[in-house]
Structure formats: C-alpha cells, structure tokens
Amino acid sequence: MIYLDAAATAPARRQVLEEMWPLLTATFGNPSSHHTYGEAAASDYARARSRIAALLGCRPGEIIFTSGGTEADNLALKGLALAAPRGRHIVTSAIEHPAVLEVLAYLREFHGFRTTVLPVSGSGRVSPSDLAAALEDTTTLCTVMYANNEVGTVQDIPELAEVCRRAGVPFHTDAVQAAGWLPLDVDRLGVTALSVSGHKLGTPKGIGLLYLRSGTPCEPVLHGGGQERGRRSGTENVAGAVGLARALELAQAALPGAADRSTASRDALIAQVLAGVPGALLTGDAARRLPNLASFCFPGVSGEAILLALERRGVVCSSGSACAAGSSEPSAVLLALGLDGETARSAVRLSWTQDTASADLDQAARAVVAAVEAVRSLGAAHAGSQAGA
C-alpha cells in the first residue's frame, strides 16, 4: 500500500523512537521529583526545550509543551484572549482548522467575544488589506493558519503578522501542517504565538508545542501542579518532548533539498492528474502551496467512491481533514474557496512525508486517473440501466 494521508498523521520515525526509548525505560522519572530519576528526566526535558528553541530561533522559556496541535491552539486562543486587556474582538480566516474555529465559537458563546472571519481568494489566500481593514481598537488577537491542511495553500505569514504588529495586535499561527516543510523562525515570521504537532513530523501521537513570545500575557487552560512555569499543568511528557526535538531536527536538516524534490514530484503528480481526468480541478494555490500536498475535486463524482477505488488500487488517502471524516457536510474550506457543495463532496487529498518516493507518487497519479475513470464508468452504467428500466 502507498500511504498518502500524512496530513492526517505520519508514521513514527525510527530515529525518533530510538531516542525516546531510554526516556521510557531507563530515565523514566517524573521531572518534578527531587531524586536521581527525576533530576535525570528534568535534564533531558530541559535539553529538548533548548534544542527546539534553537530550531525556532527563540528562547527555551518561550516553548510550552502540549499534548498536540489542538491543545496548543486552545492555549494560544483562550490564553491570549482571556488575558489580553484590549477588548473582546478576534480576527481569523474562513479556512481555519476546527481546533481554531471551535475555540472561537466557545469564546463567543461563553465569554462574549466577537469574531471577524476574513474571506479568502479562490486559491485560499488571505488579503493583508482585508486584515488591516478588519482590525479594531478592541481587537485582542488575530489567528491565521500558516498552511491549510485540506488544500495546502500557504499564507504570507510575515506580511500578515506585520499588519497586526503595526496595530498592536498579537498574531497566532497554526503551523501544524507547515512544520517540517516551511521555515519556522519565529522572528522572521513575526508571530506572537505558533502551534506545532509532533505526529505530523514522525513522533508518536500525544506531543506538541506552543511558541509564546516572552512577556505575552496568557491564561492557562489546564490548572494543577504548575508545570511549564504555570502555563500548562500536568506531568511532563519527557519522552515526547525529546522525540519532538529529534523529529524537528531531522525535518529541518533535510530542508530545503527535501522540499525541492517533493515540489517537483508534487507538480508532476498534479500535471498527470489534470491531464488524465477531464474536468478535474486543482484546489488551493497552484504555486504557494505545501510541497507535500495535492488536492483535487472531480465534479460529478463522489469523493468517497474515488477513495474506495483508490484503496483497491493500493493507494490510501483522504477527502480532507481527518477531524471532519464521516461528516455528510461539504468541506467548509472548499465552500470558502467558492466551490458548490456537490463539487466539494468530490474532493480527494493526497499528502506525503519526506520519505515518500517519487515513484510512489507517480504510481498514485496513475491510480487516481484510473479510479476516477472507473467510478465514472460505473455511474454511467448504473444510469443506463436505470433508464432501460
């Protein structure tokens, strides 16, 4: 089988697991414990924080370990919104992940916040001028994702963050899909806060981080023992933190070569599918998109039927966000791009890791062409039999 659903989750990398293993079996102590085991764990935990800070270009104390991207987004949005004194207005985009949109719905319902949802272009881009026009004196936070998980469109985060900086508004970006493929230097990005999830990079599920610029007020979401300098209570996941440091180091060390190779393979796959499937639509920005993601709509064909046909041909992928799997509603992201509901239901997303071979992507492209043709032929045959009856 060719696995092309890395945007949902990636397999754990061997180097990551090997570095984590001693933290689970030998120096497994609680970092808050004042004995040999605890002190050894605390030392490994501190080193992991410093390793990640070096990759992000920030101070170790600006890294908060979380259970994943969802918790990092929750901490950023709830924490900054409830702690900031400017007001109760938040700006976001129409194509954010549910981990952002559901938090904003919670803040509206239970804390009286207002939200302005910025529209996006047909390719999924947020306009800096639209953002500037949406900011108010009472705007307490802006959150726009770095790269979209469904269509792969990459935002110009430095420009958007600069608009907010000039207005004195903190800026958060969900970088879960961008990590491992795009620059994460927080100073160059100009962000106040940035979320990362480990299992997209090759760690086991259950570890993530929030970068939070020093001096930014933030209310904790989890209360308890006061770990993470009181910003995120709970016994520290030392092995997960070490694994995340290793996964980020491996990904960053492979760039930009891995991104260049993946971009070339991505473009070849896109060209092959568009040439081989009449009426196929590429979704997302054709140029400013993740190197490892290609997404299509095939009007008139069920996306779920295509996915089943692809799996029979040895290719595993998805129709979009794993968080919306099983929903009968069309993708909100695709609707925001201007597609109608029927077309949105024909979506297919292919996403891969740095280790995916170009030959596998070439084979997958041929499988997509064959799968759509098979589903269309089956539909035509069924329509013909219905007409005959």
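Draft legend 1. Fine view of the overall build of the chain. Looking only at helices and strands, the chain has 13 helices and twelve strands in total. In terms of C-alpha radius of gyration, the chain reaches 22 Å, essentially the compact-globule figure of 21 Å for 389 residues. For the chain, the C-alpha atoms occupy an extent of roughly 80 × 50 × 40 Å along the three principal directions. For the chain, buried positions account for 52% of its 389 residues. The contacts in the chain between residues at least 6 apart in sequence include a share of 75% that link residues at least 24 apart. Of the roughly 16100 Å² of accessible surface on the chain, a fraction of 54% belongs to carbon and sulfur atoms. Of the charged side chains in the chain, 32 are positive and 37 negative; the average position of the first set lies 2 Å away from that of the second.

Draft legend 2. Structural context of the sheet that holds strand 4 (residues 114–118). The sheet built from seven strands is open, its strands ordered 2-8-7-6-5-3-4 with mixed pairing. In the strand order of this sheet, the two ends are held by strand 2 (63–66) and strand 4, each with one partner. Here the average twist between neighbouring strands, direction ignored, is 20 degrees. In the sheet, strand 3 (residues 89–93) pairs with strand 5 (residues 139–143) via four bridges, with the strands oriented parallel. Its bridge partner lying in strand 5, Val91 is registered against Cys142. Contacts from helix 4 (residues 98–111) reach strand 3, strand 4, strand 5 and strand 6 (171–174) within the one sheet, and its direction differs from that of strand 3 by about 155 degrees.

Draft legend 3. Seen up close, the nonpolar core. Leu56, Phe65 and Leu194 are the most contacted members of the largest nonpolar core, which has 70 residues in total. Among the elements that take part in this core, helix 8 (residues 238–254) stands out by supplying ten residues, more than any other. Sequence-distant contacts of Leu194, defined by excluding residues within four places in its chain, comprise Leu56, His172, Thr173, Ala175, Leu184, Val186, Leu189, Leu209, Leu210 and Tyr211. Judged by nonpolar contacts, the second largest core, of 29 residues, contains Val273, Leu307, Ala365 and Val369.

Criteria and thresholds
Residues numbered from 1 in each chain as written. Predicted model: local features only at pLDDT ≥ 70, side-chain atom pairs only at ≥ 80, totals over all residues. Heavy atoms only, no water. Helix = DSSP H or I, 4+ residues; strand = E, 2+ residues; numbered from the N terminus. Rg over C-alpha atoms; globule rule 2.2 N^0.38 Å. Buried < 20%, exposed > 50% of the residue type's maximum accessible area, 1.4 Å probe, protein only. Contact = heavy atoms within 4.5 Å. Areas by Shrake-Rupley, 256 points an atom, 1.4 Å probe, with all protein chains shown as cover. Lys, Arg positive; Asp, Glu negative; His and termini not counted. Charge placed at Lys NZ, Arg CZ, Asp CG, Glu CD. Pairing = 2+ DSSP bridges. Axes fitted to C-alpha atoms, helices over the stretch in contact; angles between N-to-C directions. Core = buried A, V, L, I, M, F, W, Y, C linked by side-chain atoms within 4.5 Å.

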